[in-house]
Amino acid sequence: MNMANRKNTQLYICLSVLLLVTGMFSCEKNPGDIDAQDKYKEVRVNLTPSILSTRQISYSGTKAGDENISFSVGNELTRSSEVSGIEDPVIDNLWVFQFDDHQTLIRKAYQEKDPDGMAFTFELYESDNTTLFFIANLPETVSIDLELYSATIRDLQNLYFHFTEEESYDIPPLTGQYEGKIKENTYLYIELERMIAKLTLELTYKETLADGNQLNINTICLKNVPVIGSYYNNGTVHTPEENPVWFTDQAPQDVSFSGETFIWYIPENLQGTNRYISNQHEKGRENAPAYSTYIEITGEYIKSVTPGQPQTISIRLYPGENITTDFNIQRNACYPMTANILNLDPDNDKRIEIQ
């Protein structure tokens, strides 16, 4: 074989090997493109959801001898039982998000409730160590931006549901979580919790106060209300510095008579505590975290000693775990409150502001 033919043969062999190797690699699947069915075995999982009981708020009330504004949170008559108030919603639908043992999303599925029962049946992936996250009462049309095989639980923690004041919250979103094994025909009983809290205030007052001054109450308003709620219950504190449209003031309501009860449903707002507050008089604007939810009662104040033009007065009441140090509104909890205004001491009560 002459030199030219030998070189042509070697070139042909090199090209053939190169094409063969290239073909082999082109047939391999990119890890991100692997079909889940090649890696996971589908199994039937039966889910029966129930709704977690509403959390009890321990009673905290005004001490004797400190009753200019008698304020309480929690229900003194039912301290040993569940606080009623948030109605158990119907579970209309269920989303399931399945994460593998590396906390990567491998499956998401949606199903409407069977009118004839409460159970749901999903095709999920068999696993000895998986995390399932559930969202109920969220329409399929609501976008949940989690991409299969790349999204993680951390991405889920950063997703929020946007509430609006016009929503009735009759059917609020519910969430829950399961960690463990998934096998063929697994039966799971899952607990879901409401993403909202319920606040109620029974407001009583005297138009002629104990010191003879006059008080005419006009409106009541809930302020610093979050408009987003985290699907994942991770205790996140939000502020408008992150996004100014995340908080709003609800529309004022007219106060028609003493003894009227007002009700609000809101997403949780965790703003922490101020352990330096020793009594309820100090739980006012200057000692509260900036974006704590509060109830503002407004009206006119007329002094009897030196009668003149009515002064505009506002009274701020901050809900929380108690009437002093706590400013947290937690999901799946009821905050029954009472306020009885018998007298006003603007000079010594930081909850009162006069213009």
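None of these values were measured; they are calculated from a predicted model.

Chemist: Teacher, can you tell me more about the overall build of the chain here?
Modeler: Helix and strand counts for the chain come out as three helices and 23 strands. Within the chain, the proportion of its 355 residues that are buried is 45%. In the chain, once contacts between residues fewer than 6 apart in sequence are set aside, the share between residues at least 24 apart is 77%. When the accessible surface of the chain is summed, it comes to about 18700 Å², and 48% of that surface belongs to carbon and sulfur atoms.

Chemist: Help me out: how do you make sense of the environment of Arg331 in this one?
Modeler: Position of Arg331 among the secondary structure elements: in the loop between strand S21 (326-329) and strand S22 (334-341). As for Arg331 and Ile266, which are separated by 65 residues in sequence, their C-alpha atoms are 8.6 Å apart. In this structure, Arg331 is in contact with Thr175, Glu193, Arg194, Met195, Ile196, Ser230, Tyr231, Tyr232, Asn233 and Glu268, ignoring residues within four places of it in sequence. Within the structure, Arg331 has its side chain in polar contact with the backbone oxygen of Ser230 (distance 2.5 Å). Of note is the side chain of Arg331, whose polar atom sits 3.0 Å from the side chain of Glu268.

Chemist: So what exactly am I meant to see when it comes to the pairing of strand S19 (residues 294-302) here?
Modeler: Strand residues, when the strand is regular, have side chains that alternate between the two faces of the sheet. With seven of its nine residues buried, S19 lies for the most part within the structure. Two strands pair when backbone bridges link them, and strand S12 (residues 214-223) and S19 are joined in this way by nine bridges, in the antiparallel orientation. Note on S19: the bridge partner recorded for Cys221 is Glu296. The sheet contact formed by S19 and strand S20 (residues 311-317) spans seven bridges and is antiparallel. The partner of Tyr301 across the bridge, within S20, is Gln311.

Chemist: Would you mind showing me how to read the sheet that holds strand S5 (residues 105-112) here?
Modeler: Pairing between the strands of a sheet comes from backbone hydrogen bonds, and it takes one of two forms, parallel or antiparallel. Taken in spatial order, the seven strands line up as S5-S4-S7-S9-S10-S1-S6 in an open sheet, and their pairing is mixed. Strands with a single pairing partner mark the edges of an open sheet, and in this sheet they are S5 and strand S6 (120-125). Between one strand axis and the next, the sheet turns through 30° on average, direction left out of account. As paired strands, strand S4 (residues 93-99) and strand S7 (residues 127-136) are joined by six bridges and run antiparallel to one another. Residue Phe97 lies in a different strand from S7, and its bridge partner there is Phe133.

Chemist: Please clarify how unusual backbone geometry should be interpreted in this entry.
Modeler: Most peptide bonds take the trans form, and the phi angle of most residues other than glycine is negative. Phi at Asn137 takes a positive value of approximately 65°, unusual for a residue other than glycine. Residue Asn137 is classed as buried on the basis of its relative accessible area of 7%. Non-glycine residue Asn185 carries a positive phi angle of around 60°. Its location among the elements puts Asn185 in the loop between strand S9 (174-182) and strand S10 (186-194). A relative accessible area of 41% means that Asn185 is categorised as partly exposed.

Chemist: Whenever I open this one, the nonpolar core confuses me. Can you help?
Modeler: The biggest cluster of nonpolar side chains holds 34 residues, and the ones touching the most others in it are Leu199, Leu203, Ile220, Trp264, Ile295, Ile341 and Leu344. Secondary-structure elements contributing two or more residues to this core are strand S3 (69-73), strand S11 (196-205), S12, strand S17 (260-267), S19, S20 and S22. Looking at this core, the element that brings in the most residues is S11, giving five residues. Residues within four places of Trp264 in sequence aside, it is in contact with Ala197, Lys198, Leu199, Leu201, Ile220, Leu222, Gln250, Gln253 and Ile295. If you look at the next biggest cluster of nonpolar residues, it comprises 20 residues, including Phe99, Tyr110, Ile144 and Ala151.

Calculation rules
- Residues numbered from 1 in each chain as written.
- Predicted model: local features only at pLDDT ≥ 70, side-chain atom pairs only at ≥ 80, totals over all residues.
- Heavy atoms only, no water.
- Helix = DSSP H or I, 4+ residues; strand = E, 2+ residues; numbered from the N terminus.
- Buried < 20%, exposed > 50% of the residue type's maximum accessible area, 1.4 Å probe, protein only.
- Contact = heavy atoms within 4.5 Å.
- Areas by Shrake-Rupley, 256 points an atom, 1.4 Å probe, with all protein chains shown as cover.
- Polar contact = N/O pair within 3.5 Å; in protein donor to acceptor, adjacent residues only side chain to side chain.
- Pairing = 2+ DSSP bridges.
- Axes fitted to C-alpha atoms, helices over the stretch in contact; angles between N-to-C directions.
- Core = buried A, V, L, I, M, F, W, Y, C linked by side-chain atoms within 4.5 Å.

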